[in-house]
Amino acid sequence: MNEVEVNEIERSGLSKFTDNLKSLAATVFGSVFRNGSPNSDKARASAIFNNFFLHIQGTKTHINTLRPSYTLGLGLISFFLLVIVVASGIFLMVYYNPSVENAYQSVKNIIYVVFGGNVTRNIHKWAGEGMIIFVLLHMARVFFTGSYKSGREFNWVVGVILLILVFVLNLTGYLLPWDQLSYWALVIVSNIMQSPRELTDSLGITRFFDVGTFSREFFLAGMVPGKESLNRVYLFHVMVLPLIISVFAGIHFWRIRKDGGMTKPDAFSPTVSDSGYAVPPAKTAGIFPTHKTYGLMELARGKTPSVDKDIENMVFSWPNLLIAELAVLMLTLAAVVVYSYYINAPIREFANPLIPENPAKAPWYFLGLQELLSYSAFMGGAGLPMLTLFGLFLIPYLDREQYNVGTWFTDRKGKLIAFEAFVISTVLLIGILVFAVNFGWLRSWFPEIPQLVITLVNPGSIWVGFIIVWSLFVIRRTGSTRMGAMSLFVMFLVSYVILTYFATEMRGPNWGFFWSMSQWPIH
């Protein structure tokens with residue numbers, strides 16, 4: 001090989017290297033996003049189907065799913081709040097010290113020393129509590145549109161489990177600062193855990209079956225709050241609960257995908273306003289466009305929502321669904337950041353077991369339980385919550401009517417039943433609370449009455465019993481299990497809101513009734 005040939009090879013190699021450098025950005029992009037720019041139907045479908053993060057969604061989405069008035073974006077907001085909680089929580093873990101001696105000071109350092117620490121803590125706090133609100137609202141949306149039917153019954157159960165986990169996740173985080181608020185909230189929650197002892201003591205079986213004490217010891221890692229309690233709560237908050245939530249959230253999303261996506265009304269038709277967020281496919285005949293050819297791949301049998309269903313009114317998820325999701329993400333993030341910038345998460349003095357808070361209150365989302373607890377420890381702390389959850393689990397299995405699935409409140413009758421339940425539950429529950437505040441209850445009238453009677457007959461149990469009886473009455477009156485479930489669910493929501501507000505705003509020192517904090521006695 002002569003010198004000229006060697007020079008040509010060197011120039012050829014350098015030229016290739018230079019060309020590779022020039023095309024480096026495109027090559028890297030192509031190795032990550034292998035389908036190129038999604039500028040055709042096939043590319044748009046591949047952009048979803050072949051993406052690890054996006055393939056949980058279908059390549060096409062029904063127009064009804066994209067309508068803001070149908071889903072309200074509540075499920076997406078709940079998920080994005082979870083992502084914000086996880087991201088901000090990882091930042092806080094770097095600086096938090098989970099020990100009784102250092103936990104409080106580490107939180108103070110986050111607030112006053114760490115750059116951006118106070119805002120990040122606020123974001124973590126308010127995004128977590130926002131999850132409670134929006135998961136509840138999402139569950140209400142699913143219920144009122146009948147979206148727990150048509151093969152989606154189990155996913156409703158998964159959603160209720162996620163709601164419980166979100167409550168517990170927030171509770172464990174509330175206890176970590178180890179200030180007066182968190183310490184005495186820990187005491188209250190441990191008392192709730194021990195509430196079954198009221199029933200076992202009344203029946204005289206505590207020495208054989210003491211589930212209350214076992215629950216308290218498991219929660220506190222002992223009988224009194226201490227360093228073991230904080231370590232256990234921290235373990236659940238940063239490891240156990242996030243792992244369980246991730247599993248159930250994955251199942252929840254997977255079932256939505258496998259169940260055929262969101263529900264939609266049987267008599268759906270696109271409107272002019274739909275063009276604002278989706279471009280319907282241009283079809284000229286039948287359910288298939290005439291400019292495409294199809295081959296028979298498989299014959300499928302079954303009764304799942306994805307079998308024997310028309311595919312009209314579908315649009316590609318890229319970019320229609322992704323734009324909607326990105327818009328919800330930006331709005332959620334902006335709202336959390338702005339709120340967290342102006343409203344600080346509370347923190348009190350260092351925890352002191354010798355100076356109890358008066359009133360000592362649980363976190364606001366458990367104050368409804370604390371109000372019920374003041375009437376009966378067992379019914380308020382265990383009996384009624386378990387009965388409520390059992391009822392929520394059974395709703396999709398007892399209400400199996402398939403009429404107008406995917407329609408808000410089913411029909412005009414459903415709206416009237418929901419309004420009726422709202423008015424009746426609001427008036428009667430407020431009336432019960434007013435009566436109990438002014439006249440007391442059985443223990444005030446009959447001091448020697450057996451405790452078992454107090455446990456079974458109290459304002460909370462009477463109210464839940466009324467809700468059940470009223471729902472059965474509605475079923476008998478209307479001949480519809482859907483209408484009975486409508487009454488039951490509306491009364492559940494009204495009860496939670498009223499009891500939470502009442503215990504938050506109108507309960508003061510010694511759990512007395514006060515119209516406002518200005519009336520609290522000075523001490």
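Quick note: structure is the one above.
In what follows, the accompanying structure is described. As the structure is a computational prediction, the values presented were derived from the model and not from experiment.

**Thoughts on the side chain of Thr-71**
- The residue Thr-71 is located in helix α5 (residues 68–71) in this model.
- Given the relative accessible area of 13%, Thr-71 is considered buried.
- Not counting chain neighbours up to four residues away, the residues in contact with Thr-71 comprise Thr-65 and Arg-141.

**Digging into the side chain of Ser-195**
- Of note, Ser-195 is situated in the loop between α10 (180–193) and α11 (196–203).
- Once residues lying within four places of it in the same chain are set aside, the contact partners of Ser-195 are Leu-373, Ala-377, Phe-378, Gly-381 and Ala-382.

**Considering the packing of helix α6 (residues 74–95) against helix α14 (residues 317–342)**
- For the pair α6 and α14, interaxial distance at closest approach is 10 Å and the crossing angle is 55 degrees. What the angle tells us is that α6 and α14 run oblique. Crossing geometry of α6 relative to α14 is assigned as right-handed. Between α6 and α14, the residues in contact are Leu-76, Ile-77, Phe-80, Leu-81 and Ile-84 and Glu-325, Val-328, Leu-329, Thr-332, Leu-333 and Val-336, respectively.

**Some words on unusual backbone geometry**
- Note that the residue after Asn-358, namely Pro-359, is joined by a cis bond; omega there is 10 degrees.
- Mapping Pro-359 onto the fold places it in the loop between α14 and α15 (367–373).
- Unusually for a residue other than glycine, Trp-178 sits at a positive phi of about 60 degrees.
- Structurally, Trp-178 is set in the loop between α9 (153–174) and α10.
- Here Trp-178 falls in the buried class, since its relative accessible area comes to 4%.

**Section: the nonpolar core**
- Counting 93 residues, the largest nonpolar core has Met-139, Phe-143, Trp-156, Trp-178 and Phe-489 as its most contacted members.
- Looking at this core element by element, the count peaks at twelve residues for helix α21 (residues 481–505).
- Residues lining this core come from more than one domain, with at least three contributed by each of domain 2 (74–257 + 325–357) and domain 3 (367–523).
- When residues no more than four places from it in sequence are discounted, the contact partners of Trp-178 are Val-100, Ala-103, Tyr-104, Tyr-183, Leu-186, Pro-225, Gly-226, Leu-230, Phe-350 and Ala-351.
- Grouped together as the second largest cluster of nonpolar side chains are five residues, Ile-63, Leu-66, Phe-268 and Leu-321 included.

**Considerations on the pattern of salt bridges**
- Scanning the model with the defined rule gives nine salt bridges in all.
- Connected through shared salt-bridge partners, Arg-197, Asp-201 and Asp-210 make up one network.

**Digging into the packing of aromatic side chains**
- Enumeration over the complete set of coordinates arrives at 34 aromatic pairs.
- Pairwise contacts between aromatic rings join Phe-143, Phe-144, Tyr-148, Trp-156, Trp-408, Phe-409, Phe-489 and Phe-492 into one cluster.
- Positioned over the ring face of Tyr-70 is Arg-141, at 5.3 Å from the centre of the ring.

Reading guide: rules and limits
Residues numbered from 1 in each chain as written. Predicted model: local features only at pLDDT ≥ 70, side-chain atom pairs only at ≥ 80, totals over all residues. Heavy atoms only, no water. Helix = DSSP H or I, 4+ residues; strand = E, 2+ residues; numbered from the N terminus. Buried < 20%, exposed > 50% of the residue type's maximum accessible area, 1.4 Å probe, protein only. Contact = heavy atoms within 4.5 Å. Axes fitted to C-alpha atoms, helices over the stretch in contact; angles between N-to-C directions. Parallel < 35°, antiparallel > 145°, perpendicular 65-115°, else oblique. Left-handed = near helix turned anticlockwise from the far one by under 90°. Core = buried A, V, L, I, M, F, W, Y, C linked by side-chain atoms within 4.5 Å. Domains from an automatic or database assignment. Salt bridge = Lys/Arg side-chain N within 4 Å of Asp/Glu carboxyl O. Phe/Tyr/Trp six-rings, centres within 6.5 Å; stacked < 30°, edge-to-face > 60°. Lys NZ or Arg CZ within 6 Å of the ring centre and 35° of its normal.

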